[in-house]
Amino acid sequence: MAVAVTTKTAWKLQEIVAHSSNVSSVVLGKGSGRMLATGGDDCRVNIWSVSKPNCIMSLTGHTSPIESLQVNPNEKLIVAGSRSGSIRVWDLEAAKVLRSLPGHKANICSLHFHPFGSFVASGSLDTNIKLWDVRRKGCIFTFKGHTEAVRCLRFSPDGKWVASAADDHTVKLWDLTAGKLMFEFTGHTGPVNVVEFHPNEYLLASGSSDRTVRFWDLEKFQVVSCIEEEATPVRCVLFNPDGCCLYSGFQDSLRVYGWEPERCFDVVLVNWGKVADLSISNNQLIGVSFAQSTVSSFVVDLSRVPKSDSIPHGLIRDDQPLVPPTPTGSSLRRIYDRPSTSCSKPQSRVKHNSESERHSPSSEDDRDEKESKAEIQNQEDYKEIFQPKNAICRTPPRNEPFPAPPEDAEPGTTKEAVKPSQAVDVQTSLPKQELPDPVQRPPIASSTSLTRTEPSVIPAARNEPIGLKASDFLPAVKNQSQTELVDEEAMSQIRKGHETMCVVLTSRHKNLDAVRAVWSISDIKNSLDSAVAINDLSVVVDLLNIVNQKPSLWKLDLCTIVLPQIEKLLQSKYESYVQTGCTSLKLILQRFLPLITDILAAPPSVGVDISREERLHKCKLCYKQLKNISNVVKNKSGLSGRHGSAFRELLLLMAVLD
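Since this is a predicted model, take the numbers as computed values, not measurements.

*Asks:* Give a description of the pairing of strand β5 (residues 55–60) that names residues and reports values.
*Replies:* Counted residue by residue, β5 has six buried out of six residues, so it is predominantly covered. Judged from the four bridges that link them, strand β4 (residues 45–49) and β5 form a sheet pairing that is antiparallel. Following the sheet pairing, I47 is matched in β5 by M57. Connecting β4 to the antiparallel partner β5 that follows it, the hairpin turn spans five residues, and S51 within it adopts a positive phi of roughly 85°.

Next comes the structure, spelled out in structure tokens:
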């Protein structure tokens, strides 16, 4: 009888070299979940079909790196914003630029298409939000109110409002018809990265760098609930199509939330690093992330992820009972009124109030559009996707989900239980005509599941203790029929090593208390000195994780203390130690390496300047330590996966040392 094969809940679909330089933005088409657009520092926008290695189309015209991308709901148009503040809209079916929209004075941080009309909203580092009419090539209205960069924009499902999230810790709701601010939601204590409307109800979700997800009632304009138990910033959010739950993308994990009451239904471990965008298709969630010039795509099987009416994986308030969420369709909240036609324009008053801001077509704009090109890289894929043979269906049928790879089994053993979901590295080989890669990379395997060897680095997120098995804690069973164990015997075996672990944790807690006491009566430098003197890397890691959250705490004095510790962390077998070391080293290189090189290259001063001599001594010491660390980074830059990407990025930053 055939044995049923257990498949992965989450897995890596492919990894591609998307640009000849660093990738700066990626976005998925929400209509099909199969279209991927990438923007890079090479000023190009490349179009891909998810799971296929070849670029379908390359869009040129921008003269500065791409900062933001968005695809319209029917996946016929794509809009790209650049670092210079310019916006271009391309027609993918006609393979040409449709509009060039100048107006912003700084980076374009966010874009979004109106769900019905031919309108685009853009948010910028200049703190302004602009509403554009793509057909008439003009700015309809400019919304002003944020004090820092606008990071995310979303139109409401009925097309009447637009929500904005910004670095000023606020979420604002704008009325398109009246052309004014409706309400400002405050409560986040860090930059708000993402915002998303519920598909049916008057509900808004926002995710922030303060590591919280907040839900807002759009009738009463008040917070519904707040989820605060996360350890990393919220990178992206997406409601399930039926509105039953919210998917939140974090560093290397996907979390499934309910909001009344707030709870976590499931946590799926996915090794996608800093996930950039999510989309749902065929009951599968597609996630994409990027690092340097590569883009990786991942799949989560939603049929194996609980969405409601299950025991939550997070904590619930003690004073609130576990109540299942209200079924979709019977909510007490108001439902969006969809317009009867898809061409309605709710912005009549807005257009009337802002006629002076409309940009008329000019010869300069026409020249920009002529310079923009759409280079079709793969004619066969382009014709299949963007040139239909009939007028009814624009794209080929996409009802086939991605096949899930089988669970990894240990060689020579029989799998007894399904492990919690963890992404498996299933990669697709790159084409020979791929764009040149500035960094030498190891060959990428074909898209089949691989037999894993014992990792040299212990992962930070793992589901079981390294090297421990439950059978090791239980007495050996001599007779197979003897299945019952004496309770006392079993408990004594399980408790082995427990006291030792308690001693280790107690010692670590005392050390951290000592470091904290030094910091409270002195400064960060003395507390770091005390942490190093304790000679426990775990204490150094805990302290660096705090300092890394506040770059303003870094001084040149700290670098001389921290750099020798970073060298140890980068060579550690623990992934969490390596990650902390990479983060700290990156901050030092970005903030102090230019200063160090400038001071060392400066001519000697005339006379005696004691402060300058001290600074020169510190810079020489830091330079020597960085040279030692660069050898470690070079040796590890050939690694694959996230480790390799992090070390290659550090290697580029340290190139000035050579």
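There's more to say after this.
*Asks:* Provide a residue-level description of helix α9 (residues 575–601), including the pertinent values.
*Replies:* Between its first and last C-alpha, α9 extends 36 Å over 27 residues, near the 39 Å set by a 1.5 Å rise per residue. The sharpest bend along α9 reaches about 50° and sits at F592, with the proline P594 one to four residues further on.

*Asks:* Which residues make up helix α7 (residues 537–547), and what are the values?
*Replies:* Residues of α7 that are buried include every one of S538, V539, V540, V541, L543, L544 and V547, and no others. Looking at the buried positions of α7, the neighbouring elements they touch are α5 (498–521), α6 (524–534), α8 (556–570) and α9.

*Asks:* An account of the sheet that holds strand β27 (residues 284–291) is requested, with residue identities and associated values reported.
*Replies:* Sheet strands pair by backbone hydrogen bonding; their relative direction is either parallel or antiparallel. Reading across from one edge, β1-β28-β27-β26 is the order of the four strands in this open sheet, with antiparallel pairing throughout. The sheet is open, and its two borders are formed by β1 (10–17) and β26 (275–281), each paired with just one other strand. Along the sheet, successive strands turn relative to each other by an average axial angle of 20°, direction set aside. Bridge count for β1 against strand β28 (residues 294–301) is seven bridges, and the pairing is antiparallel. Each residue of the ladder has a partner; that of Q14, found in β28, is S297.

*Asks:* Describe a nonpolar patch on the surface, and please don't skip the residues or the numbers.
*Replies:* On the surface, a nonpolar cluster with roughly 280 Å² of combined accessible area is contributed by M501, V504 and L505. Mapped onto the fold, V504 is located in helix α5. Taking relative accessible area as the criterion, V504 reaches 47% and is therefore assigned partly exposed.

Basis of the calculations
Residues numbered from 1 in each chain as written. Predicted model: local features only at pLDDT ≥ 70, side-chain atom pairs only at ≥ 80, totals over all residues. Heavy atoms only, no water. Buried < 20%, exposed > 50% of the residue type's maximum accessible area, 1.4 Å probe, protein only. Helix = DSSP H or I, 4+ residues; strand = E, 2+ residues; numbered from the N terminus. Pairing = 2+ DSSP bridges. Expected span 1.5 Å × (residues − 1). Bend = angle between axes of the 7 residues up to and from the residue. Contact = heavy atoms within 4.5 Å. Axes fitted to C-alpha atoms, helices over the stretch in contact; angles between N-to-C directions. Patch = residues over 30% accessible without salt bridge, like charges linked within 9 Å, V, L, I, M, F, W, Y side chains within 5 Å. Areas by Shrake-Rupley, 256 points an atom, 1.4 Å probe, with all protein chains shown as cover. Salt bridge = Lys/Arg side-chain N within 4 Å of Asp/Glu carboxyl O.

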